[in-house]
Amino acid sequence: MSKRKSIVILTVLAILIAFMGFACFASGPVPGSVKDYKGIFGVIGKGIDLNGGYYAVLEPKEEIDGDVDSILDAAIETLRSRLDENGYTEATITVEDFTNLRVEIPEVDNADDVMELIGDQGELTFRAYDNTPLVYGDKAVANAQAGYDTDGNPVVYLEFTADGQKMFASATETVLGYEESNRYLAIYLGERAISSPKVSQKIDSRTAEITGIETIDEAKTIASVIKSGSLNIQFTIGATQKMSATLGEGVLNNAIIAAGIGLLIIFAILIFFYGGMGIAASIALTVYVILYVCVLAVFPWVQLTFPGIAGIVLSIGMAVDANVIIFDRIKEEYANGKTAKASVKAGFKRALITILDSNVTTVLAAIVLWILCSGSIKGFAITLFLGVLVSMFTAVLITRWLIKVVGGLVSDEKQDRFFRLRRRDA
Amino acid sequence: MLNLNFKDKNLKIVQKFWIFLIVSVVIIVAGLVDTFFVRHMNLGVEFEGGISINVDVGGVSDLSNLEGEVNKWLKGGNDKKDVYDVDGTVQKSGVGLKTLTFRISATKKDASGKTVNMNVLGADDKLEIVHTSEYIKDEEKGLTAHLQEVYGDKAVIDVETQVISESQANATVRKAFIAVAVAVVVILIYIALRFNLLAGVSAIVALLHDVLIMVALTTIFQLPVNMTFIAAIITIVGYSINATIVVFDRIREINALPSNMEKTDVEIANEAIAGTLSRSILTTLTTLVMIIILAIFGSSAIRDFALPIIFGLLAGLYSSVLLSAPLWVKLRKLFRQENKKPVKKMKKIKEDAKA
């Protein structure tokens, strides 16, 4: 590569890096606009330990009897709708350890209200048109199931308890005493109306159907609400924590400063030991950091957590490692008598196997953690996984190209000195 | 210039294996005795269950005074109803982030001064979700009010409570063990496939060595153990296996060269160690730089996390250079495989087939 070409490429690269670096890490008000610019780094999904928020693990009070999955689904459905209704639309509810529910809500201040919301057992009631409760569902309904009637229309089948049968008999009798337009039983969960099926006759049996439902999905929702309300799985709090956003913000800012300083020192070490190759590696590492930030921002399931920061640091360490393995290999090839160019070629080729083998194990460990863990450790696993992949890419492809570019700055005869390459002492 | 070239030196590391092993074993045994019989690990609420209270310091500059006030309140000052055992050290955070963390064990003294197991969470009927929530709210309000009385409004920005039940704490420990165990098995299988079973076993022993050293030193220095410690251990599992594999990769390469047919295991291992030593040192050095700076700039939580990683990095360097390859040599001798050269055999078969 000619010297001129190298200089042009490096200048373009420097401008690109400066631009991308700014795009990634800058943030603040945009001149002449009321909007704030949020750097790419700011877009990365952040776990509640960094962004502030609230989480709780709910454990069933008693062992769940029956189909655990559908019972938990019903419970999630109930919690979900309660949270949505109260504006916590960003809340996530996941099943953990088979029977526990993990509720995470980003950026809440009033954690106590949330706890009361999810802790509230939300009584199921069947009410008359004037809102008088006629039947309390917790004891009345034994089962609710969505299905189709003989005409193929979606229905919800209700199964009453013995008490429920009596209550429904008297309730339907009451309702039938009203005016035609008021002859319905409104189903409420807490203060939320779920459905208002019409009553056309007195129900005095163990089963009944709710008809007039538009879709099977709607039927399923109604059934699950009635069931979860009536099933009433009681939860206790397994773990709960409210985290303040200010603490997380400080952690993140400090980590960015630390990573920056750390990288500068690493650049110095690499250039000290590997000369021109160290310069190439330093540029490649900068590219790596920018790429990495972009990759983290692109994937929606990335959750930057507190241990996740460690995952980032570790993968920067791995990226350096890949470069060191390659350079050591190049030095060795040169020491054994190859020319500088041939050494670079052979070094990369041989080092590739080493880098693959050593990185695959880390990727495997990250995948195991990703699958088996939750919360902040999962966030760690994801950042590590992506970081190692990106680091292999930059070390193998970008460093290689950059060595050619940087090597072009000096004449071929001077390359060995520039790359700190030495023949084996005779 | 600093010379990191060890390739042509005969360091005789394999021959000194037992000395290196004894050094490690002494540290591990001392640490484990401390862990299980003497001082135990400084476990956080995530592992033991209980309550931890974070007090954001706000404008208060005299931290030890504040610490005393909170302690006094928790232990039943100011006619407080519930009296807690405050145990463990109070953690302080670093530059710019002023938070005190108080750990409260799962026991408290009731009004008559009797110690009762709080078990806030879980078995006790009275304290279900809503109750727990009200309970925490009351305690936070009480403490905030008390501190505001003492320091005025500037003092306390926030009191935060973390509650972990015993069953959750157990689940955390169990999950951590399973995760590490599965990761280790997967890595073992991979190395056994890519290298050979004895290399895999040696690598795993080196890995366990690193984890045990981390546990030992964390107990000896009484560092707090919480979820980030698990992350630290896993970080090291991922990292130190790298260094070990680089050594075994070199052994595989040396083994494959026909000119090395006559070399013994000891010679090959020593050559591989010497050939990869500069890389091992440089890589550990750069990662150490990163972690140490993170520790300097980070909050106390980051520091608690950084120290175990530093232990692990050093243990990893030690085991990958001084223990893993020598152990492989000893294992091959033990299983009478020292004369087996699988790669060359394959080559020879191919050559014979050609001829």
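These figures come from a predicted structure and were not determined experimentally. Note on numbering: residues in each chain are counted from 1, in written sequence order. Key to labels: chains lettered from A, ligands numbered from 1, both in the order written. Per-residue local features are limited, in this predicted model, to residues with pLDDT of at least 70; the limit for side-chain atom pairs, both in listing and counting, is 80 or more; totals at the level of whole chains, interfaces and linings are taken over all residues.

Turning next to the overall build of chain A. Here a helix means four or more residues in a row that DSSP labels H or I, a strand means two or more in a row labelled E, and each is numbered from the N terminus. On a plain count of helices and strands, chain A comes out with 13 helices and 13 strands. Only C-alpha atoms enter the radius of gyration; for comparison, a globular chain is expected to reach 2.2 Å times N to the power 0.38, where N is the number of residues. Against the compact-globule benchmark of 22 Å for 426 residues, chain A has a radius of gyration of 32 Å, which places it well outside the compact range. Principal-axis analysis of the C-alpha atoms gives chain A an extent of 110 × 50 × 40 Å. In this scheme every C-beta is placed from the backbone, and a residue whose C-beta has 20 or more other C-beta atoms within 10 Å is buried, one with 12 or fewer is exposed, and one in between is partly exposed. Residues counted as buried form 45% of the 426 residues belonging to chain A. Looking at chain A alone, contacts between residues at least 24 apart form 71% of all its contacts between residues at least 6 apart. Working definition of a contact: two residues with C-beta atoms, positioned from the backbone, lying within 7 Å.

When its secondary structure is counted, chain B shows 10 helices and eight strands. Sorting the 355 residues of chain B into buried and exposed places 46% on the buried side. Taking all contacts inside chain B whose residues are at least 6 apart in sequence as the whole, residues at least 24 apart take part in 75%.

Residue and element names in this part refer to chain A. A positive phi angle is found at Asn 131, which is not glycine, with a value near 75°. Along the polypeptide, Asn 131 turns up in the loop between β6 (124-127) and β7 (133-136). Positive phi outside glycine occurs at Arg 420, with the angle close to 55°. With respect to the helices, strands and loops of the structure, Arg 420 is situated in the segment after α13 (415-418).

With that settled, consider the pairing of strand β4 (residues 92-96) of chain A. Looking along a regular strand, one sees the side chains alternate between the two faces of the sheet. Residue and element names in this part refer to chain A. If DSSP finds at least two bridges between two strands, the strands pair. With five bridges joining them, β4 and strand β5 (residues 100-106) adopt antiparallel strand pairing. By the bridge assignment for β5, Ile 93 is matched with Val 103. Between β4 and β5, which follow one another and run antiparallel, lie three residues, and Asp 97 among them has a positive phi close to 50°.

What follows covers the sheet that holds strand β12 (residues 207-210) of chain A. Residues and elements named next belong to chain A. The sheet built from three strands is open, its strands ordered β8-β9-β12 with antiparallel pairing. Two strands in the sheet have a free side with no partner beyond their single neighbour: β8 (141-148) and β12. Adjacent strand axes in the sheet meet at a mean angle of 25°, parallel and antiparallel pairs treated alike. Comment: axis = line fitted to C-alpha atoms, over the contacting stretch for helices; angle = value between 0 and 180 degrees taken between N-to-C directions. The sheet strands contacting helix α7 (residues 162-176) are β8, β9 (154-160) and β12, and the helix crosses β9 at an angle near 115°.

Here the focus is the domain arrangement of chain A. Where each domain begins and ends follows an automated or database-derived domain assignment. Parsing chain A into structural domains produces domain 1 (3-43 + 244-418) and domain 2 (53-243). Computed over C-alpha atoms, the centres of domain 1 of chain A and domain 2 of chain A are 52 Å apart.

This next bit is on the packing of helix α11 (residues 340-372) of chain A against helix α7 (residues 227-256) of chain B. Where α11 of chain A contacts α7 of chain B, the axes come no closer than 9 Å and their chain directions differ by 155°. Our classification of the angle between α11 of chain A and α7 of chain B gives roughly antiparallel. Crossing of α11 of chain A against α7 of chain B: the hand is right-handed. Here α11 of chain A contributes Ile 353, Thr 354, Asp 357, Ser 358, Thr 361, Thr 362, Ala 365, Ala 366 and Leu 369 of chain A to the contact with α7 of chain B, which in turn contributes Ile 234, Val 237, Gly 238, Ile 241, Asn 242, Ile 245, Val 246 and Asp 249 of chain B. Of the residues assigned to the contact of α11 of chain A with α7 of chain B, the class counts are nine nonpolar, six polar and two charged. Should an angle fall under 35 degrees it is taken as roughly parallel, and over 145 as roughly antiparallel, whereas 65 to 115 is taken as roughly perpendicular and any remaining angle as oblique. Here a crossing is taken to be left-handed if its near helix is turned anticlockwise relative to the far helix by less than a right angle, and right-handed if that turn runs clockwise. For this scheme, ten residues count as nonpolar: Ala, Val, Leu, Ile, Met, Phe, Trp, Tyr, Cys and Pro. Four count as charged, namely Asp, Glu, Lys and Arg, and the remainder, Gly too, count as polar.

Glancing now at the nonpolar core. Joined through C-beta atoms within 7 Å, a set of buried Ala, Val, Leu, Ile, Met, Phe, Trp, Tyr and Cys residues constitutes a nonpolar core. Grouped together as the largest cluster of nonpolar side chains are 175 residues, with contacts concentrated most on Leu 369 of chain A together with Ile 233, Val 237 and Leu 294 of chain B. Once residues lying within four places of it in the same chain are set aside, the contact partners of Val 237 of chain B are Ala 365 of chain A together with Val 180, Ala 183, Leu 207 and Val 211 of chain B. One finds Met 167, Ile 213, Ala 219 and Ile 222 of chain A within the second-largest nonpolar core, a separate group that totals 28 residues.

Our focus in this paragraph is the environment of Val 180 of chain B. All names here are of chain B. Looking at the secondary structure, you find Val 180 in helix α5 (residues 166-194). Residues Val 180 and Ile 230 lie 50 residues apart in sequence; the distance between their C-alpha atoms is 8.9 Å. Val 180 has contacts with Ile 233, Ile 234 and Val 237, leaving out every residue within four places of it along the chain.

Attention now moves to helix α6 (residues 197-220) of chain B. One turn of the α-helix equals 3.6 residues, which is why residues spaced by three or four share an orientation. Residues and elements named next belong to chain B. By this rule, a helix spans an expected 1.5 Å times one less than how many residues it contains. In this model α6 runs 34 Å from its N-terminal to its C-terminal C-alpha over 24 residues, within 8% of the 34 Å that 1.5 Å per residue would give. The buried fraction of α6 amounts to 17 of the 24 residues, a majority that puts the element mostly inside the structure. The first or second residue beyond α6 is Gln 222, which carries a positive phi of 50°.

On to the pairing of β12 of chain A, then. Residue and element names in this part refer to chain A. Here β12 shows one buried face, formed by Ala 208 and Ile 210, and one open face, formed by Thr 207 and Glu 209. As judged from the four bridges shared by β9 and β12, these two strands associate in the antiparallel manner. Its bridge partner lying in β12, Val 156 is registered against Ile 210.

Okay, the environment of Arg 417 of chain A next. Position of Arg 417 of chain A relative to the elements: it lies in helix α13. In this structure, the C-alpha to C-alpha distance between Arg 417 of chain A and Tyr 274 of chain A, residues 143 residues apart in sequence, is 9.9 Å.

In a regular helix each residue adds 1.5 Å, so 30 residues correspond to 44 Å; α7 of chain B covers 44 Å between its end C-alpha atoms and thus fits that length. The element α7 of chain B is extensively covered by neighbouring structure, given that 26 of its 30 residues are classed as buried.

All right, on to the packing of α7 of chain B against helix α8 (residues 265-297) of chain B then. How two helices pack is summed up by the angle between their axes together with the distance between the axes. All names here are of chain B. Between α7 and α8, the shortest axis-to-axis distance is 9 Å and the interhelical angle comes to 135°. Taken together, the axes of α7 and α8 lie oblique to each other. Crossing geometry of α7 relative to α8 is assigned as right-handed. Contacts between α7 and α8 pair Ala 243, Val 246, Val 247, Arg 250, Ile 251, Ile 254 and Asn 255 from the former with Ile 268, Ala 269, Glu 271, Ala 272, Ile 273, Gly 275, Thr 276, Arg 279 and Ser 280 from the latter. Residues that form the contact of α7 with α8 fall into these classes: nine nonpolar, four polar and three charged.

Next up on the list: the confidence of the model for chain B. Residues and elements named next belong to chain B. The predictor's confidence in any single residue is recorded as pLDDT, a number from 0 to 100. In this model, chain B carries a mean pLDDT of 75, and residues with pLDDT of at least 70 account for 68%. When pLDDT is averaged over each helix and strand of chain B, the minimum, 46, is found for strand β6 (residues 115-117) and the maximum, 91, for α6. Counted against residues more than four places away or in other chains, residues 113-128, with its pLDDT under 50, gives 34 contacts. Interface confidence for the predicted complex, given as ipTM, is 0.75, next to a pTM of 0.74.

Our focus in this paragraph is the environment of Val 95 of chain A. All names here are of chain A. You can see Val 95 is positioned in strand β4. For Val 95, a count of 16 C-beta atoms within 10 Å corresponds to the partly exposed category. In this structure, Val 95 is in contact with Leu 72 and Leu 101, ignoring residues within four places of it in sequence.

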